[in-house]
Amino acid sequence: AQSVTQLGSHVSVSEGALVLLRCNYSSSVPPYLFWYVQYPNQGLQLLLKYTTGATLVKGINGFEAEFKKSETSFHLTKPSAHMSDAAEYFCVVTPNAGGTSYGKLTFGQGTILTVHP
Amino acid sequence: GAVVSQHPSWVICKSGTSVKIECRSLDFQATTMFWYRQFPKQSLMLMATSNEGSKATYEQGVEKDKFLINHASLTLSTLTVTSAHPEDSSFYICSALGTGTEAFFGQGTRLTVV
């Protein structure tokens, strides 16, 4: 079984400020971890993913996340927020169990990021 | 990345009618597709796993007779919401898994039942 908890359903930052979106997970097997972004009434866009190897993962639009196994965390950060970053962000986990398990995603509750001028 | 096309992007239907949503993988073969539902202000929840040429596997609590899934080819899966009611109004989104470890999402379908 697996679950994802995103701390904070809403995060508000000023343009140019640091963005930190928190995510903790639980998984009975080694997980693959993802961050997706969703703009209003649109589909999901993959920001970044962790599968194996380097625990600091860089994604699109200047985002990065660090997999910390000891803390079961996968927090998303961006050094400087831009107005276009305003959206909803989902932390997602899937078991690294091969085959179709890679597609059975468990989503966190989502965090709505607001960026103020 | 690979492209998944979902159609229609939005639909309004009358209560009691059926609605079909298509999910196509445009540039790769998807042996497995997944259907998710997102209620307002909530996260996405997996409804079912669809394998080409076989019956879909539904998650607990999802009515298989209401949400009919057909995966007739390696590039197409359809979700039919039968006898739709206002409580079925939601955002439905599909994803497709090829031979790799990443599933790709369609654009989603906003269903409103009036």
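Bear in mind that the values here come from a model prediction, so they are computed numbers and not experimental data.

Novice: What exactly am I supposed to notice about the state of the cysteines here?
Specialist: Covalent bonding between the sulfur atoms of two cysteines is what defines a disulfide. This structure, assessed with the given rule, holds 2 disulfides over all chains. Across the disulfide from Cys23 of chain A sits Cys91 of chain A; the S-S distance is 1.9 Å. Across the S-S bond linking Cys23 of chain A and Cys91 of chain A, the dihedral sits near -65 degrees, which makes this disulfide left-handed. Placement of Cys23 of chain A in strand E3 (residues 19–27) and of Cys91 of chain A in strand E9 (residues 87–95) is noted, with a sequence separation of 68 residues between them. Of the two residues, Cys23 of chain A and Cys91 of chain A, both sit in the buried class. There is a disulfide in this structure between Cys23 of chain B and Cys94 of chain B, and the S-S distance comes to 2.0 Å. Taking the torsion about the sulfur-sulfur bond, which here is approximately 80 degrees, the covalent link between Cys23 of chain B and Cys94 of chain B counts as right-handed. Taken together, the positions of Cys23 of chain B in strand E3 (residues 19–25) and Cys94 of chain B in strand E9 (residues 90–97) put the pair 71 residues apart, joining distant regions of the chain. The pair formed by Cys23 of chain B and Cys94 of chain B is uniform in burial state, with each residue classed as buried.

Novice: Explanation requested: unusual backbone geometry in the structure shown.
Specialist: Glycine aside, the phi torsion of most residues is negative, and most peptide linkages are trans. Of note, the bond from His7 of chain B into Pro8 of chain B is cis; its omega dihedral lies within 30 degrees of zero at 0 degrees. Relative to the assigned elements, Pro8 of chain B resides in the loop between strand E1 (4–7) and strand E2 (10–13). One non-glycine residue, Thr72 of chain A, lies in the positive phi region at around 45 degrees. Structurally, the position occupied by Thr72 of chain A is in the loop between strand E7 (64–68) and strand E8 (73–78). In this structure Thr72 of chain A comes out as partly exposed when scored by relative accessible area, which is 31%. Even without being glycine, Ser83 of chain B reaches a positive phi, approximately 45 degrees. Relative to the helices and strands, Ser83 of chain B is located in the loop between strand E8 (76–81) and E9. A relative accessible area of 33% places Ser83 of chain B in the partly exposed class.

Novice: Sorry if this is basic, but what is going on with the environment of Gln42 of chain B here?
Specialist: Relative to the helices and strands, Gln42 of chain B is located in the loop between strand E4 (32–38) and strand E5 (44–51). C-alpha of Gln42 of chain B to C-alpha of Gly100 of chain B: the two residues are 58 residues apart in sequence and 28 Å apart in space.

Novice: Could you clarify how one ought to interpret the interface of chain B and chain A in this entry?
Specialist: By a widespread convention, an interface's size corresponds to the accessible area lost as its parts come together. If you look at the interface, chain B gives 21 residues, while chain A gives 21 residues. Summed over both partners, the interface of chain B with chain A comes to about 1,600 Å²; 58% of that surface belongs to carbon and sulfur atoms. Per-residue buried area on chain B facing chain A is highest for Thr101, Glu102 and Phe105 of chain B; these three make up 32% of the total on that side. Close ionic contact of Glu102 of chain B with Lys49 of chain A constitutes a salt bridge, the shortest N to O distance being 3.1 Å. Linking chain B to chain A there are 5 residue pairs in polar contact (both at pLDDT 80 or more). Of all the secondary-structure elements, those providing two or more residues to the side of chain B that touches chain A are E4, E5, E9 and strand E10 (103–105) of chain B. Of the residues belonging to the side of chain B that touches chain A, the class tally is 9 nonpolar, 9 polar and 3 charged.

Novice: Explanation requested: the pattern of salt bridges in the structure shown.
Specialist: Oppositely charged side chains are able to pair whenever their charged atoms sit close together. All names here are of chain A. The final tally for this structure, using the stated rule, is 6 salt bridges over all chains. The salt bridge partner of Asp85 is Lys78, with a shortest N-O separation of 2.8 Å. Judged by relative accessible area, which is 11%, Lys78 ranks as buried.

Novice: Help me understand the pairing of E1 of chain B, please; the structure alone is not making it clear to me.
Specialist: Successive residues of a regular strand alternate their side chains across the two faces of the sheet. Residue and element names in this part refer to chain B. Residues of E1 alternate between two faces, with Val4 and Gln6 buried on one and Ser5 and His7 left unburied on the opposite face. Examined bridge by bridge, E1 and E3 share 4 bridges and lie antiparallel to one another. Within E3, the position partnered with His7 by the bridge is Glu22.

Criteria and cut-off values
- Residues numbered from 1 in each chain as written.
- Chains lettered and ligands numbered in written order.
- Predicted model: local features only at pLDDT ≥ 70, side-chain atom pairs only at ≥ 80, totals over all residues.
- Heavy atoms only, no water.
- Disulfide = S-S within 2.5 Å.
- Helix = DSSP H or I, 4+ residues; strand = E, 2+ residues; numbered from the N terminus.
- Buried < 20%, exposed > 50% of the residue type's maximum accessible area, 1.4 Å probe, protein only.
- Contact = heavy atoms within 4.5 Å.
- Buried area = accessible area lost by both parts, 1.4 Å probe.
- Salt bridge = Lys/Arg side-chain N within 4 Å of Asp/Glu carboxyl O.
- Polar contact = N/O pair within 3.5 Å; in protein donor to acceptor, adjacent residues only side chain to side chain.
- Nonpolar A, V, L, I, M, F, W, Y, C, P; charged D, E, K, R; others polar.
- Pairing = 2+ DSSP bridges.

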